[in-house]
Amino acid sequence: MRFKRFGASLLVTGLALLGTASPALAHSELKSSDPARGASLATPPTQIKLTFSGPVTLADQNPIQITGPENASWTVGRAEVAGTVVTAPVQAVGPAGEYTLRYKVTFEDTHATSGSVKFNLSAPAPGPTSQAPTSSPAPASSAAPAPQAGETTPEDLVPTWVWIVLAVAVVVAGIVVALRFTRRKD
């Protein structure tokens, strides 16, 4: 009889663990960016780089946009994907201030997501030069795109370490409950 209760307790614990851990297993996330989130740059970058925790593909033809103060919109060249890394050449224009890099990607599990990285320029970006980015530029919009309903940003997702801690706590709680049931029968 006590083995049945112990087995039932372990089964409930296992199901609870799978139920709480599945969101952590389901989605990858942005690991790092260049420019980094919150960075303050003296000169604008000529290329951006986004590194994700899993393989990605580009969600649409205009997967990366950079906008800033006074409706400044940078020209973003053709984005390229190499496994977990997305890179694109950029040509900066605009005043000093806060800029937002927005991206849209699709993860290996077909989950599409978008997010943003904010950084600052401490000096105005030079005007357009006669030199074009190394790849053909994607169309740029003059206004910042509004987030669409249902889009998930990395800031909205719970960090993976939180799910791991929660899963460990559920397992420990299940073992404690199972041990208490077996000790009461003795």
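Residues numbered from 1 in each chain as written. Predicted model: local features only at pLDDT ≥ 70, side-chain atom pairs only at ≥ 80, totals over all residues. Heavy atoms only, no water.

## A word on the overall build of the chain
For step 1, the next point in the chain: What the chain contains, in helices and strands, is two helices and ten strands.
For step 2, the next point in the chain: The linear arrangement of helices and strands in the chain, starting from the amino end, is α-β-β-β-β-β-β-β-β-β-β-α.
For step 3, the next point in the chain: Looking at the chain as a whole, 32% of its 186 residues qualify as buried.
For step 4, the next point in the chain: Sequence-distant contacts in the chain: of pairs separated by 6 or more residues, those separated by 24 or more amount to 70%.
For step 5, the next point in the chain: If you sum the accessible surface of the chain, you get close to 11000 Å²; carbon and sulfur atoms cover 60% of it. (Helix = DSSP H or I, 4+ residues; strand = E, 2+ residues; numbered from the N terminus. Buried < 20%, exposed > 50% of the residue type's maximum accessible area, 1.4 Å probe, protein only. Contact = heavy atoms within 4.5 Å. Areas by Shrake-Rupley, 256 points an atom, 1.4 Å probe, with all protein chains shown as cover.)

## What to know about the nonpolar core
For step 1, the next point in the chain: Counting 26 residues, the largest nonpolar core has Leu50, Phe52, Ile64, Ile66 and Leu101 as the members making the most contacts within it.
For step 2, the next point in the chain: Elements represented by at least two residues in this core include exactly strand S3 (47–52), strand S5 (64–67), strand S8 (85–91), strand S9 (97–107) and strand S10 (112–121).
For step 3, the next point in the chain: Residue contributions to this core peak at five residues, all from S9.
For step 4, the next point in the chain: If we ignore the near neighbours within four places in the chain, the residues touching leucine 101 are Ile48, Leu50, Ile64, Gln65, Ile66, Gly115, Ser116, Val117 and Phe119. (Core = buried A, V, L, I, M, F, W, Y, C linked by side-chain atoms within 4.5 Å.)

## Thoughts on unusual backbone geometry
For step 1, the next point in the chain: Residue proline 35 is reached from aspartate 34 by a cis peptide bond, and omega for that bond is 15°.
For step 2, the next point in the chain: As for its position among the elements, proline 35 is in the loop between strand S1 (30–34) and strand S2 (40–41).
For step 3, the next point in the chain: We note that glutamate 70 has phi near 55°; this positive angle belongs to a residue other than glycine.
For step 4, the next point in the chain: Note on glutamate 70: relative accessible area 72%, which makes it exposed.
For step 5, the next point in the chain: Unlike most non-glycine residues, asparagine 71 shows phi in positive territory, near 55°.

## Notes on the pattern of salt bridges
For step 1, the next point in the chain: Going through the model one piece at a time under the given rule, you end up with two salt bridges.
For step 2, the next point in the chain: Here glutamate 80 and arginine 78 are joined by a salt bridge, their closest N and O atoms 3.2 Å apart.
For step 3, the next point in the chain: Accessibility expressed as a relative area gives 39% for glutamate 80, which makes it partly exposed.
For step 4, the next point in the chain: The salt bridge partner of glutamate 98 is lysine 118, with a shortest N-O separation of 3.9 Å. In this pair, glutamate 98 is assigned in strand S9 and lysine 118 in strand S10, connecting sequence segments 20 residues apart.
For step 5, the next point in the chain: For glutamate 98, a relative accessible area of 44% gives the class partly exposed.
For step 6, the next point in the chain: For lysine 118, a relative accessible area of 39% translates into the label partly exposed. (Salt bridge = Lys/Arg side-chain N within 4 Å of Asp/Glu carboxyl O.)

## A closer look at the pairing of S9
Successive residues of a regular strand alternate their side chains across the two faces of the sheet.
For step 1, the next point in the chain: Sheet analysis places strand S4 (residues 56–58) next to S9, joined by three bridges and oriented antiparallel. Paired with threonine 57 across the strands is threonine 106, a residue of S9.
For step 2, the next point in the chain: As judged from the four bridges shared by S5 and S9, these two strands associate in the antiparallel manner. Bridging from a neighbouring strand, threonine 67 pairs with threonine 100 of S9.
For step 3, the next point in the chain: Linking S9 back to S10 in an antiparallel pair, the connection comprises four residues, with threonine 110 at a positive phi of about 70°. (Pairing = 2+ DSSP bridges.)

## Digging into the confidence of the model for the chain
For step 1, the next point in the chain: Overall, the predicted model of the chain reaches an average pLDDT of 77, with 66% of residues at or above 70.
For step 2, the next point in the chain: When the elements of the chain are averaged for pLDDT, helix H1 (residues 2–26) gives the smallest value, 60, and S8 the largest, 95.
For step 3, the next point in the chain: Counting interchain partners and residues more than four positions distant, the pLDDT-below-50 stretch residues 130–156 has 46 contacts. (pLDDT = per-residue confidence, 0-100.)

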